[in-house]
Amino acid sequence: MGILILIIYWLGWHMGIYSMLLKAGVNKTKAIIPIYNTWEVVKLCGIPRIWFWLQLVPILGQFVSLWISIIFAMHFKKVNLIDHSLTVFFPFIYLPYLGFSSKEKWYGDEALVHYHKPASREWIDAGVFAIVAATLIRTFLFEAYVIPTESMEKTLLVNDFLFVDKITYGARIPQTPLSFPFVHNTLPLAPTTPSYLKWVQLDYQRLPKIRNINRNDVVVFNFPAGDTIINLPEFGSKFPYYDVLRTPEYNNNREKLMADYPILVHPMDKTDNYIKRCVGLPGDVIQVKDSRLWVNHSPAFVAPSAQTEYIVVTDGKPIPESFIEDTMGININEASADFKIMEGRPNTFVINMTAGAAASLQKLPQVKEVSFYVDNIVGNTFPNDIAHAPWSVDNYGAIQIPKKGDIIQLNDSTIEIYRRLITNYEHNSLEKQNGQFYINGKPTNTYTVQLNYYWMMGDNRHRSQDSRYWGFVPETHIVGRAALIWFSYNKSIRWNRLFNLIK
């Protein structure tokens, strides 16, 4: 449907330009050639030649072509806002009308001799230019992003405002181009109303990149398991649709869930944005052993500000409040989740803190032991297949990240690992009949991976919904590199965080 709309739009616009050029006295051969015919428009209207070449720049070129069309229409004495709005939004109807209608004529420069743009129109034009320019910057250069959760603390804090660099990995061409400006996937003041239209859907494309993602880059990406959500504020990506679907109440019964809740399916580029550290690249082997991450069978990099939970045993004497606040960085008044008593064990606490804070705590005379807390609860991690992958968040894997060109084996022990990869991310049908797998209707026991995939984890390891819960992140979902904290506040401005580079 989207491709059909684009074809109608382009053909109508082209026929309009062709017919208008004929009316202006241009040779038929020159008028009919796509793209070149706008060279004739530029010459006729006295537009600087550079604007013709700017049409060839991806995305920007479409805006330039519409602007050239407006100037062309003005030489037919179409100078008011309604005429220009018709030129922008309905060129496939309005431009052919100007060209073929006997009521309309070409005036050339004479059309603009007595034309003076009113002040109101100056403001409108300036506003449109600002919106277009800001949209292009936001789409292809950098975008502002605010940290909504504590999953990256203390590397990134809630209400850190970031600039996300889209140039380094190559900016994506928008898959869903019809959307409200300056917002992501919902309208302002309407958190359950989509900010986009799905009438036009483009294939995944990315502009040339400066470099690939490096291991341990902090990356913003579209939440892979956020393609389908329960469209209520208390659900969304906070309590993902697929998690609810797997609960005993629904037991993967989609019809029952859809009857109970409003469901919304996002296009890929309109799922919620997440930010995590890319700990695994295509082809890497990931494993978590006793809460410590291993990559390719070696201990992984630990960010200096990364946090995890520790079990702390004391001799009964309290830890000084000043030490808890100043050295450990835990606010006593808000510490219920980060500093709690371990049930059933006297003088024992579970504390969420950095490795540096744990080392300092170990030196206190009243502290007898500091050790990693290990969560061994099985059943809520990717690929949600207890029979073949009985993993917990702190004892996970090993699992290999797929890379483009990998030939993966399909069997009962691997199929849940690769199901979403094959169906949701690479858009194939997958069925199993009489013990045989079928992809796109053809029997097979292997599949060749078409994309590169990544493994994302939060620096706040026991407060992070990450790849341990929902699996691989396809290259198609990568938004950009978190580059700079430009503002930060918590009740007041955190001056020491302003303009810090993100590492």
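Structure: see above.
Being a predicted model, the structure only gives us computed values, none of them experimental. (Residues numbered from 1 in each chain as written. Predicted model: local features only at pLDDT ≥ 70, side-chain atom pairs only at ≥ 80, totals over all residues. Heavy atoms only, no water.)

Draft legend 1. Spotlight on the overall build of the protein. Regarding its fold elements, the protein presents 14 helices and 26 strands. For the C-alpha atoms alone, the extent of the protein along its principal axes is close to 95 × 65 × 45 Å. Residue burial in the protein is summarised as follows: out of 503 residues, 47% are buried. In the protein, once contacts between residues fewer than 6 apart in sequence are set aside, the share between residues at least 24 apart is 67%. Roughly 25800 Å² of accessible area belongs to the protein as shown, and the carbon and sulfur atoms make up 60% of that amount. Computing the positive centroid from 48 side-chain charges and the negative centroid from 44, the protein places the two 7 Å apart. (Helix = DSSP H or I, 4+ residues; strand = E, 2+ residues; numbered from the N terminus. Buried < 20%, exposed > 50% of the residue type's maximum accessible area, 1.4 Å probe, protein only. Contact = heavy atoms within 4.5 Å. Areas by Shrake-Rupley, 256 points an atom, 1.4 Å probe, with all protein chains shown as cover. Lys, Arg positive; Asp, Glu negative; His and termini not counted. Charge placed at Lys NZ, Arg CZ, Asp CG, Glu CD.)

Draft legend 2. Representation of the sheet that holds strand β19 (residues 436–439) within the structure. The strand order across the open sheet built from 3 strands is β18-β19-β20, with neighbouring strands paired in antiparallel fashion. A strand with exactly one partner marks an edge of an open sheet, and here the two such strands are β18 (430–433) and β20 (442–443). Where β18 meets β19, 4 bridges bridge the pair, whose relative direction is antiparallel. Looking across to β19, one finds that Q433 is bridged to Q436. (Pairing = 2+ DSSP bridges.)

Draft legend 3. Structural context of the packing of aromatic side chains. Here the structure, examined in full by the defined rule, presents 34 aromatic pairs. Note on F142 and F163: the rings are 5.2 Å apart at their centroids and 65 degrees apart in plane angle, and the pair reads as edge-to-face. Of this pair, F142 sits in strand β1 (residues 142–146) while F163 sits in strand β2 (residues 160–165), and the two are 21 residues apart along the sequence. An aromatic cluster is built from F382, W391, Y396, Y425, Y453, W455 and F472, whose rings are joined through pairwise contacts. (Phe/Tyr/Trp six-rings, centres within 6.5 Å; stacked < 30°, edge-to-face > 60°.)

Draft legend 4. Representation of the environment of I401 within the structure. Structurally, I401 is set in the loop between β16 (396–400) and β17 (407–409). Through-space distance from the C-alpha of I401 to that of N452 is 8.6 Å; in sequence the pair is 51 residues apart.

Draft legend 5. Here's a closer look at unusual backbone geometry. The linkage connecting F382 with the following residue, P383, adopts the cis geometry, with an omega of 10 degrees. With an omega dihedral of 15 degrees, the bond running from G397 to A398 counts as a cis peptide bond. Along the chain, the position of A398 falls in strand β16. Residues other than glycine seldom take positive phi values, yet F499 does so here, at roughly 65 degrees. We classify F499 as exposed; its relative accessible area is 58%.

Draft legend 6. Representation of the layout of surface pockets in the model. By volume, the second largest pocket is sized at about 1100 Å³. Forming the walls of the second largest pocket are 44 residues, and the residues nearest its centre are P148, T149, S237, D272 and Y274. Residue assignment for the lining of the second largest pocket shows that the elements contributing at least two residues are β1, β4 (190–194), β6 (228–230), β8 (273–280) and α14 (467–470). Its residues placed into classes, the lining of the second largest pocket shows 19 nonpolar, 15 polar and 10 charged. (1 Å grid on protein atoms, 1.4 Å probe; cavity = no way out; pocket = protein on both sides within 12 Å on 5 of 7 lines; lining within 4 Å. Points joined across faces, edges and corners; volume = space filled by probe spheres on them. Nonpolar A, V, L, I, M, F, W, Y, C, P; charged D, E, K, R; others polar.)

Draft legend 7. Region of the structure containing the nonpolar core. Among the nonpolar cores identified, the biggest contains 30 residues, and I399 and W455 are the most heavily contacted of them. Secondary-structure elements contributing two or more residues to this core are β9 (285–289), β10 (292–295), β16, α13 (415–425), β19 and β22 (453–457). If you tally residues by element for this core, the top one is α13, at 6 residues. Beyond its immediate chain neighbours, meaning those up to four positions away, I399 contacts D284, V285, I286, F382, W391, I417, W455 and F472. Membership of the second largest hydrophobic core comes to 25 residues, among which are V26, F52, I71 and A73. (Core = buried A, V, L, I, M, F, W, Y, C linked by side-chain atoms within 4.5 Å.)

Draft legend 8. Focus on the sheet that holds strand β11 (residues 298–299). One open sheet holds the 4 strands; their spatial order is β11-β10-β9-β16, and the pairing between them is antiparallel. This sheet does not close on itself; its edge strands, each paired only once, are β11 and β16. Relative to β10, β9 is paired through 4 bridges, and the arrangement is antiparallel. Considered in β10, the bridge of I286 is made with V295.

Draft legend 9. Here's a closer look at the pattern of salt bridges. By the definition in use, this model includes 21 salt bridges. Measuring nitrogen to oxygen at the nearest pair gives 3.0 Å for the salt bridge that ties E104 to K78. Here the residue E104 occupies a position in the loop between α7 (91–100) and α8 (119–140), and K78 occupies one in the loop between α5 (60–74) and α6 (81–89), the gap between them amounting to 26 residues. Of the two residues, E104 and K78, neither departs from the other in class, the shared state being buried. Bridged by salt links that share partners, the residues E150, E309, D338, K340 and R463 form one connected network. (Salt bridge = Lys/Arg side-chain N within 4 Å of Asp/Glu carboxyl O.)

Draft legend 10. The arrangement of empty space enclosed by the protein in detail. For the coordinates displayed, the defined rule picks out 4 cavities of 30 Å³ or more. Approximately 50 Å³ is the volume attributed to the largest cavity. What lines the largest cavity is V288, S291, R292, L293, T308, V393, D394, M457, R461, H462 and R468. In this structure, the second largest cavity encloses a volume near 40 Å³.

Draft legend 11. A look at the side chain of H184. Mapping H184 onto the fold places it in the loop between β2 and β3 (186–187). A distance of 2.6 Å separates a polar side-chain atom of H184 from the backbone oxygen of T271. Discounting residues that sit within four places of it in the chain, H184 has contacts with R138, S195, N222, D269, K270, T271, D272 and N273. (Polar contact = N/O pair within 3.5 Å; in protein donor to acceptor, adjacent residues only side chain to side chain.)

Draft legend 12. Main features of the side chain of D217. Assignment of secondary structure puts D217 in the loop between β4 and β5 (218–222). The exposure class of D217 is buried, given its relative accessible area of 13%. At 3.0 Å, the side chain of D217 forms a polar contact with the backbone nitrogen of N214. Setting aside its immediate chain neighbours within four residues, D217 contacts Y169, R211, K276, R277 and C278.

Draft legend 13. View of the packing of α5 against α6. Contact geometry for α5 and α6: axes closest at 9 Å, N-to-C directions at 140 degrees. Classed by the angle they form, the pair α5 and α6 counts as oblique. The chirality of how α5 crosses α6 is right-handed. Where α5 approaches α6, its residues L66, S69, I70, A73 and M74 are matched on the opposing element by H84, T87 and V88. (Axes fitted to C-alpha atoms, helices over the stretch in contact; angles between N-to-C directions. Parallel < 35°, antiparallel > 145°, perpendicular 65-115°, else oblique. Left-handed = near helix turned anticlockwise from the far one by under 90°.)

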